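One letter stands for each residue in the lines below.
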Amino acid sequence: MTVAFWCVLIALFLPIVCTSIAKVGSGRFNLRQNHDPRAFLDKLEGLPRRAHAAQLNSFEAFPAFAAAVIIADIVGNAEQVTQDVLAVLYITSRLLYIICYLADWAALRSLVWFVGLGLIASFFFVSI
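I will try to describe carefully the structure that is included in this document. (Residues numbered from 1 in each chain as written. Predicted model: local features only at pLDDT ≥ 70, side-chain atom pairs only at ≥ 80, totals over all residues. Heavy atoms only, no water.)

Looking at the overall build of the chain
Selection rule: Each helix corresponds to a stretch of at least 4 residues labelled H or I by DSSP, and each strand to a stretch of at least 2 residues labelled E; elements are numbered beginning at the N terminus. Contacts are assigned to residue pairs that have any heavy atoms within 4.5 Å of one another. All accessible areas in this document rest on Shrake-Rupley with a 1.4 Å probe, and a residue is counted as covered only by the protein chains that are shown. Just so you know, the count uses Lys and Arg for positive and Asp and Glu for negative, and it drops His and the chain ends. Every charge is mapped onto a representative atom, which is NZ of Lys, CZ of Arg, CG of Asp or CD of Glu.
For the chain, the count of helices and strands is 5 helices and 0 strands. When its helices and strands are written in sequence order, the chain yields α-α-α-α-α. Principal-axis analysis of the C-alpha atoms places the extent of the chain at approximately 50 × 30 × 15 Å. For the chain, long-range pairs separated by at least 24 residues make up 69% of all intrachain contacts whose partners lie at least 6 apart in sequence. Carbon and sulfur atoms make up 69% of the accessible area of the chain, which totals about 7300 Å². Measuring between centres, the 9 positive side-chain charges of the chain sit 14 Å from its 8 negative side-chain charges.

Printed below as a string of structure tokens:
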């Protein structure tokens, strides 16, 4: 398994980290509310709500990242170390994105999001 593939696995679990922060951070979550967690999460405010939003965005960003890693691997024109570095940088950008979301740093969060998008596109460019 390459480092890039391990990063896909890490990216898969980032939304779960965010939703855990949302649920635990609310101080109100219990197992009864797990019967309808979406309704519970939709009513959150402040940091827990931002954690939930980061979760949603992480789910939205995951398919593009996973596809980029897989396509770059299949095409095989990029050095594996390049793919691995791009993947680690992407995971780093997602972690920074989550931190910015939780801290309510909207402008920096948007900048970090664009960096992540650029890293996804980079998988395609290095594979040409």
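Details of the nonpolar core
The criterion, for reference: The definition of a nonpolar core used throughout is a set of buried Ala, Val, Leu, Ile, Met, Phe, Trp, Tyr and Cys residues joined through side-chain atoms within 4.5 Å. Type-normalised accessible area, obtained with a 1.4 Å probe on protein chains alone, sets the label of each residue: buried when under 20%, exposed when over 50%, and partly exposed for intermediate values.
Grouped together as the largest cluster of nonpolar side chains are 18 residues, with contacts concentrated most on Val8, Phe65, Val69, Ala87, Tyr90, Ile91 and Phe123. Taken together, the elements giving at least two residues each to this core come down to helix H1 (3-26), helix H3 (46-75), helix H4 (80-103) and helix H5 (106-126). With 7 residues, the single largest contributor to this core is H3. With sequence-adjacent residues up to four places away left out, Ile91 is seen in contact with Cys7, Ile10, Ala11 and Phe65. Residues Leu41, Leu44, Tyr101 and Val112 belong to the second largest nonpolar core, which totals 14 residues.

Brief notes about the packing of H3 against H5
Rule in force here: Simply put, an axis is a line fit to the C-alpha atoms, just over the touching stretch for a helix, and the angle between two N-to-C directions goes from 0 to 180 degrees. Small angles under 35 degrees read as roughly parallel and large ones over 145 as roughly antiparallel, with 65 to 115 read as roughly perpendicular and the rest as oblique. By convention the crossing between two helices is left-handed if the near helix lies anticlockwise of the far one by an angle smaller than a right angle, and right-handed if it lies clockwise. All amino acids are sorted into three groups, where Ala, Val, Leu, Ile, Met, Phe, Trp, Tyr, Cys and Pro are nonpolar, Asp, Glu, Lys and Arg are charged, and the leftover types, Gly among them, are polar.
Running from N to C, H3 and H5 point in directions that differ by 25 degrees, and their axes come no closer than 8 Å. Looking at the two axes, H3 sits roughly parallel to H5. Considering only the axes of H3 and H5, their crossing is left-handed. Where H3 abuts H5, its residues Asn57, Ala61, Ala64, Phe65, Ala68, Val69, Ile71 and Ala72 lie against Trp113, Ile120, Phe123 and Phe124. In terms of residue class, the contact of H3 with H5 is built from 11 nonpolar, 1 polar and no charged.

Let's talk about H4
So the rule is basically this: Multiplying 1.5 Å by the residue count of a helix minus one yields the expected span of that helix.
Its 24 residues give H4 an end-to-end C-alpha distance of 35 Å, which sits within 8% of 34 Å, the value for a rise of 1.5 Å per residue. Asp104 occupies a position one or two residues after H4 and carries a positive phi of about 65 degrees.

Observations concerning H1
Every α-helix carries 3.6 residues per turn, so stepping three or four residues along brings you back to the same face. Keep this limit in mind: In this scheme, the bend at a residue equals the angle between the axes fitted to the seven residues that finish there and the seven that begin there.
Compared with an ideal rise of 1.5 Å per residue, which puts 24 residues at 34 Å, H1 spans 34 Å between its outermost C-alpha atoms and is within 8% of the ideal. Residue Phe13 marks the point of greatest curvature in H1, where the axis turns by about 25 degrees; the proline Pro15 follows within four residues. Where H1 is buried, its residues contact helix H2 (37-42), H3 and H4. Remark: Gly27 follows H1 within two positions and exhibits a positive phi of approximately 70 degrees.

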